[in-house]
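Structural description and commentary
If you want the building blocks of each chain, they are given just below.
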Amino acid sequence: MHIKLQDVSVNYSGKKVLKGITTTFETGNIVMIIGRNGSGKSTLLKVLAGLIDFAGQIIIPGKYSDISELTGYVFQNPETQIVGSTVFEDVIFGLENIGLSKTEMETRAKYVLDLLELSELKFFDPYYLSGGQKQRLAIASVLALNPEFLLLDEVTAMLDKNGKREVLNAVLKLKETNKGVLVATHEINLFLPYVDRCIYIEDGKIAFDGNPHDGAELYRKAATEKFKKMQV
Ligand SMILES: Nc1ncnc2c1ncn2[C@@H]1O[C@H](COP(=O)(O)OP(=O)(O)OP(=O)(O)O)[C@@H](O)[C@H]1O
Ligand SMILES: [Mg+2]
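For every chain, the first residue of the written sequence is number 1, and numbering continues from 1 along that sequence. All chains are assigned letters beginning at A, and all ligands numbers beginning at 1, according to the order in which they are written. Local features in this predicted model are restricted to residues whose pLDDT is 70 or higher, and side-chain atom pairs enter the listing and the counts only when it is 80 or higher, whereas totals over whole chains, interfaces and linings include all residues. Calculation of side-chain values draws on the structure's entire complement of heavy atoms; hydrogens and water are dropped beforehand.

**What about the site of ligand 1?**
Close to ligand 1 lie Tyr12, Lys15, Val17, Arg36, Asn37, Gly38, Ser39, Gly40, Lys41, Ser42, Thr43 and His186, which account for all nearby residues. Note that an oxygen atom of ligand 1 is positioned 2.5 Å from one of the side-chain N or O atoms of Thr43. If ligand 1 stood free it would expose 640 Å²; the protein chains cover 63% of that surface. Each helix is a run of DSSP H or I of at least 4 residues and each strand a run of E of at least 2, with the numbering of both proceeding from the N terminus. Breaking the shell around ligand 1 down by element, the ones donating at least two residues are strand 2 (15-26) and helix 1 (41-48). Element by element, the count of residues in the shell around ligand 1 is highest for helix 1, at three residues. Working definition: residue near molecule or strand if any one of its non-hydrogen atoms lies within 4 Å of it. Pairs of N or O atoms are called polar contacts if they sit within 3.5 Å, as long as, within protein, a hydrogen donor faces a hydrogen acceptor (for residues adjacent in sequence, only side-chain-to-side-chain pairs). Accessible areas in this description were obtained via Shrake-Rupley with a 1.4 Å probe; residue shielding takes into account the shown protein chains only.

Structure representation (structure tokens):
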């Protein structure tokens, strides 16, 4: 399944922050989205989540009426996304508005909690979970809605070393289930060995799209150049 962007642009109060993005995303692979602070990574994910207005075109498969039906967005800080008073309730909460039967909701909850290795914590209060567990729960709750694409925005940034590993493993599980995964991140080394493709955004435009190692190298070079200029 594909999502096609054609000449997608975003303005924030007159300032262009995405400038004519043309690309395609497909299910079954992981795309790492890199670029300096303020380059437009989160804005791109928010467009794909259906959260903000844009100019240009997004083409989705005919059976969907809106991009938000195809995608699920996970934020940097899991605290802002967790609403249930138990792990299980948190997953169920999001499902209550989409008209599923009780059995169907429970089946989906079981599936995502098993997949992300949270079943043993089912009746725990999320407040007491570790950062990595909280972030896995945030991913599980979004995954329960069954989007084709997961949009992960700096989901490892606030975690310790173990938490980062846990979430990385969760991302790999998503790929196994044939979801499309877009990971906006500054933690290039963590994800690099596992991603299929890298998009490097510079000042609202795609500066590179392709082999992750080449993309990471280009980004590092640009960062070093910038650093050198700052020194003079
Ligand atoms: N709600 C907003 N209103 C106005 N400007 C915004 C808003 N959100 C983001 N911007 C601006 O849009 C540009 C792109 O921001 P964006 O958050 O997409 O960058 P990013 O690549 O995700 O950065 P970071 O690495 O810091 O997460 C920045 O200049 C930012 O200041
Ligand atoms: Mg961002």
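**Focus: the UniProt feature "domain: ABC transporter" (unreviewed entry) in the protein**
UniProt positions are given in the numbering used here, feature names are shortened, and annotations may be inferred rather than shown by experiment. In this structure's numbering, the residues bearing the UniProt feature "domain: ABC transporter" (unreviewed entry) are residues 3-228. Note that residues 3-228 is 36% helix and 26% strand, and that its end C-alpha atoms are spaced 39 Å apart.

**A few points about the packing of aromatic side chains**
Any Phe, Tyr or Trp ring, taking Trp's six-membered ring, that has another such ring centre within 6.5 Å forms a pair; planes under 30 degrees apart are called stacked, those over 60 apart edge-to-face, and the others tilted. This model, assessed by the stated rule, comprises three aromatic pairs. Each ring, one from Tyr73 and one from Phe75, has its centre 4.6 Å from the other, and the planes form 55 degrees; the classification is tilted. Working definition: with a 1.4 Å probe on protein chains only, accessible area under 20% of the residue-type maximum means buried, over 50% means exposed, and in between means partly exposed. Overall, the relative accessible area of 9% leaves Tyr73 in the buried class. An angle of 80 degrees between the planes, with centres 5.4 Å apart, marks the rings of Tyr200 and Tyr219 as edge-to-face. Here Tyr200 is found in strand 8 (residues 197-202), whereas its partner Tyr219 is found in helix 7 (residues 212-231), with 19 residues between them in sequence. For a lysine, the NZ atom is tested; for an arginine, the CZ atom; a charge sits over a ring if that atom is within 6 Å of the ring centre and within 35 degrees of the ring normal. The residue whose ring lies beneath Lys122 is Phe88, and the NZ or CZ to ring-centre distance is 4.7 Å.

**Section: the sheet that holds strand 8**
When DSSP locates at least two bridges between a pair of strands, those strands are taken to pair. Across the sheet, six strands lie side by side as 5-6-7-3-8-9; this open sheet has mixed pairing. Edge positions in the sheet fall to strand 5 (71-74) and strand 9 (205-210), since each of these pairs with one other strand and no more. Looking at each pair of strands side by side, their axes are set apart by 20 degrees on average, direction ignored. Lying over the sheet, helix 1 contacts strand 3 (30-34), strand 5, strand 6 (149-153), strand 7 (180-184) and strand 8, oriented at roughly 150 degrees with respect to strand 6. Working convention: axes come from line fits to C-alpha atoms, limited for helices to the stretch in contact. Angles between N-to-C directions cover 0 to 180 degrees. Two residues form a contact once any of their heavy atoms are found within 4.5 Å.

**Comments concerning the pattern of salt bridges**
The term salt bridge refers to a side-chain nitrogen of Lys or Arg lying within 4 Å of a carboxyl oxygen of Asp or Glu. Going through the model one piece at a time under the given rule, you end up with 10 salt bridges. Among the salt bridges present, the one from Asp114 reaches Lys110, with a minimum N-O distance of 2.7 Å. With Asp114 and Lys110 both in helix 3 (residues 102-115), this residue pair falls four residues apart, about one helical turn. Owing to a relative accessible area of 52%, Lys110 belongs among the exposed residues under this scheme.

**Focus on the sheet that holds strand 2**
Strand pairing in a sheet relies on backbone hydrogen bonds, with the paired strands running either antiparallel or parallel. Strand order in the open sheet formed by three strands is 2-1-4, with antiparallel pairing between adjacent strands. Both edges of this open sheet fall to strand 2 and strand 4 (55-59), since each of them pairs with a single strand only. Strand-to-strand twist in this sheet, taken as the mean axis angle between neighbours without regard to direction, amounts to 15 degrees. Looking at chain direction, strand 1 (residues 2-12) and strand 2 are connected through eight bridges and run antiparallel. By the bridge assignment, Tyr12 is partnered in strand 2 with Lys15.

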